[in-house]
Amino acid sequence: MKLRARLLSGAVLTALLAIGVVIISVDRTISTILQLGAPWVVPQENIDVCERNPAEWSAGVFNIARIYAYYPDGTSENPFAPPLNPTYLRMLEIRREPWVRDRHGGLVRVSEAGPCAMFQLQTSPPPVQQAVRWSLMIGAALSMLVVTLFTQLFAINPLLVRLARVQRGARAIGSGDYVNQEDGTGDALSEIATVLDRSNDRILADRQELVLRQQALERHLAEIAHDLRTPLASLLLALQEVSAEVGDSEATRRALGDAAYVTSLVDNLHEATRLRRGASVTAGQADLHIIVERLGARFVALGRHQERAVAVAIPEGPVIVGCTPSFAERAIANLVHNAISHGQEGGNVAVILERTDEAFSLVVMDDGPGVSEDKLADLSAATFRADAARQRSTGLGLAITNEIVRRAGWSIDYALLEPSGLKITIEGALFTLP
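Given the structure is predicted, the values throughout are model-derived calculations rather than measurements. (Residues numbered from 1 in each chain as written. Predicted model: local features only at pLDDT ≥ 70, side-chain atom pairs only at ≥ 80, totals over all residues. Heavy atoms only, no water.)

## Looking at the pattern of salt bridges
Taken as a whole and judged by the stated rule, the model has three salt bridges. Put simply, arginine 294 and glutamate 329 hold a salt bridge, and the shortest N to O gap is 2.6 Å. Taken together, the positions of arginine 294 in helix H7 (residues 288-305) and glutamate 329 in helix H8 (residues 325-341) put the pair 35 residues apart, joining distant regions of the chain. Linking glutamate 403 and arginine 406 is a salt bridge whose minimum nitrogen-to-oxygen distance equals 2.4 Å. Taken together, the positions of glutamate 403 and arginine 406, both in helix H10 (residues 395-408) and three residues apart, correspond to about one turn of that helix. On the basis of relative accessible area, glutamate 403 is assigned to the partly exposed category, the value being 22%. For arginine 406, a relative accessible area of 54% gives the class exposed. Connected via shared salt-bridge partners are Glu403, Arg406 and Arg407. (Salt bridge = Lys/Arg side-chain N within 4 Å of Asp/Glu carboxyl O. Helix = DSSP H or I, 4+ residues; strand = E, 2+ residues; numbered from the N terminus. Buried < 20%, exposed > 50% of the residue type's maximum accessible area, 1.4 Å probe, protein only.)

This is the structure we're talking about:
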C-alpha cells in the first residue's frame, strides 16, 4: 500500500475510533441521567444560583431533561415551571429518602423552606431522547469528518508533496535532471534532502574527475599512437626490404606479421580515441576506388609474405561516399587484415568493390577456418573474441569497423562460407550533392 493510502487510512480509522468513543460517551451519559432507582442529588452550586434568582432559574441536560425549583407546597416562582407531580409528593412523604425517581423524571427535597426547597426533574419523551442521541452522534461524526479533511489537506498532503519531491530527487541523483531538495524547514525530512544534495554534488564532482582522467588518458593514448605510426610504418617497410633481399623465411614472415599486427593495433587505437572524442565520420568524402586500390597493393605484399593469395577487384571510375577518408580506410583495412591474419596457410582472400548508380557494395571473403555458427552473431559486438582458430583478438578492429559503418549510415553483414571461410559485406549509398 502506498504512503498516501496508509496515511489516509490511518486518519479515517482514527476518526472512526473517535466517533465511536463520542457515541459511547453520549449514550452512557444519557443512560446515567435517566437511570431508574439511582440516587439523585442536586449540586450545591445549582441550589445557590437558584436561590439568587428563583423566578428565572431552570437547568437542562442535553434537551432530554429539565429541572425546576419549587416551594415545599409545590408552587414555583418560575412561570414556565410545570405543575409539581402529586405522585412524586406522595411518594416523597412515604419514602425515607429525600428523593423519588422514575422514567418520566423525579423529585428531590433539599430544604424545608424557600423557593428552592424542592427540585423536579422532567424528562423528554423517548422519541425526543432518541432524536437527541442521533443528533449528538451525527454531530460527532461530522466533526470528525471535518477534522479528517483538514488533517488531510493541511498536514498529510504537504508532507506527501515533500516526500514525492525527495523521491524524485533520489531517482535523479547524479543526473542533469536533479533539482536541489533543501527547503529550509529544518526538520528530519529537510535533513534527508540536505544529504541528497550533498550526495549529488559529490557524485557530480567524482564524475567530472573521472571524465577529466578519461580525457587525459585518451589524449595520452592518441599522442602515443600518433608518435608510433611513423616508426612502425618505417619498420614494416624495412622488414619488407630485408625479406626481399634475403628471401622469405619463417623468421621474416613472423616478423612481418607481428609488425603488421602492431601497426594495425596502433592505427586502431588512434582511430578509437578519435571516435570516443566525437570525431565526425561523415566530415568529408572518400573515394573507395582509390582506398581499396591502395590497400590492395599493401595487403597483396603482406599476403605473399604470409603465404596467402590476396585478389582485389575494383570497378572503373571513382566510388565516392560520404565518409572521412581515414575512417573509411581503417574500416576496410581491419577487415582485410583480419582475413589475412586469421586465414589458413596457402589460403585466399578476395576483396571485391562494386557500385551501382546510387549505392556501393564491398565484399571481403576468405577461405580460412572462420568462426562457429553460435559466434557469428557476436561478430558485430565490440567485445567479440574469436575462438582458437583466430589466435589474435579481433575485438578492437571489428568494433571500430562496426562503429564507423554505423555512423556512416551503412550496413555490415557477416556470413559463413561453405565449406569454410567468412564473408563480410558492407553496403551503403554513394555520396550525392545536396
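## Some details on a nonpolar patch on the surface
The grouping of Ile138, Leu142, Leu145, Val146, Leu149, Phe150, Leu153 and Phe154 at the surface amounts to a nonpolar patch, some 810 Å² of accessible area in total. Tracing the chain through its elements places leucine 149 in helix H4 (residues 126-172). A relative accessible area of 46% places leucine 149 in the partly exposed class. (Patch = residues over 30% accessible without salt bridge, like charges linked within 9 Å, V, L, I, M, F, W, Y side chains within 5 Å. Areas by Shrake-Rupley, 256 points an atom, 1.4 Å probe, with all protein chains shown as cover.)

## Some words on the nonpolar core
By size, the foremost hydrophobic cluster in this structure holds 44 residues, and its most contacted members are Leu288, Val321, Cys323, Ile332, Phe360, Ile404 and Trp410. Only helix H6 (250-276), H7, H8, strand S9 (348-355), strand S10 (359-366), H10 and strand S12 (422-429) provide two or more residues apiece to this core. Broken down by element, the residue count for this core peaks at nine residues, all from H8. Contact partners of tryptophan 410, with chain neighbours within four places excluded, come to Val321, Cys323, Phe360, Val405, Ile426, Glu427, Gly428 and Ala429. Counting 14 residues, the second-largest nonpolar core is a separate cluster that includes Ile47, Ile64, Val108 and Cys116. (Core = buried A, V, L, I, M, F, W, Y, C linked by side-chain atoms within 4.5 Å. Contact = heavy atoms within 4.5 Å.)

## As for the confidence of the model for the protein
Mean pLDDT over the protein: 79, with 79% of residues reaching 70 or higher. Low pLDDT, under 50, characterises residues 382-394; the predicted model gives this stretch 26 contacts beyond four residues in sequence or across chains. (pLDDT = per-residue confidence, 0-100.)

## Describing the sheet that holds S10
Read across the open sheet, the five strands follow the order S7-S9-S10-S12-S11; overall the sheet is mixed. With partners counted over all chains shown, the strands left at the sheet margins are strand S7 (309-313) and strand S11 (411-416), one partner each. Neighbour-to-neighbour, the strand axes of this sheet turn through a mean angle of 10°, independent of strand direction. Judged from the seven bridges that link them, S9 and S10 form a sheet pairing that is antiparallel. Each residue of the ladder has a partner; that of isoleucine 352, found in S10, is valine 363. (Pairing = 2+ DSSP bridges. Axes fitted to C-alpha atoms, helices over the stretch in contact; angles between N-to-C directions.)

## Structural notes on the environment of arginine 330
Its location among the elements puts arginine 330 in helix H8. Considering only alpha carbons, one finds arginine 330 and glycine 397, 67 residues apart in sequence, at a separation of 8.7 Å.

## Details of empty space enclosed by the protein
As enumerated under the stated definition, the model contains two cavities of 30 Å³ or more in all. The space that makes up the second largest cavity amounts to roughly 40 Å³. Of all elements in the fold, only H7, S7 and H8 reach the threshold of two or more residues within the lining of the second largest cavity. With four residues, H7 is the largest single contributor of residues to the lining of the second largest cavity. (1 Å grid on protein atoms, 1.4 Å probe; cavity = no way out; pocket = protein on both sides within 12 Å on 5 of 7 lines; lining within 4 Å. Points joined across faces, edges and corners; volume = space filled by probe spheres on them.)

## Quick look at the packing of aromatic side chains
For the structure on display, the rule yields two aromatic pairs. With a centroid separation of 5.4 Å and 80° between ring planes, the pair formed by tryptophan 57 and phenylalanine 119 is classed as edge-to-face. Here phenylalanine 119 lies in strand S5 (residues 118-123) and tryptophan 57 lies in the loop between helix H2 (44-52) and strand S1 (59-61), a separation of 62 residues in the sequence. Overall, the relative accessible area of 9% leaves tryptophan 57 in the buried class. Classification of phenylalanine 119 as buried rests on a relative accessible area of 0%. (Phe/Tyr/Trp six-rings, centres within 6.5 Å; stacked < 30°, edge-to-face > 60°.)

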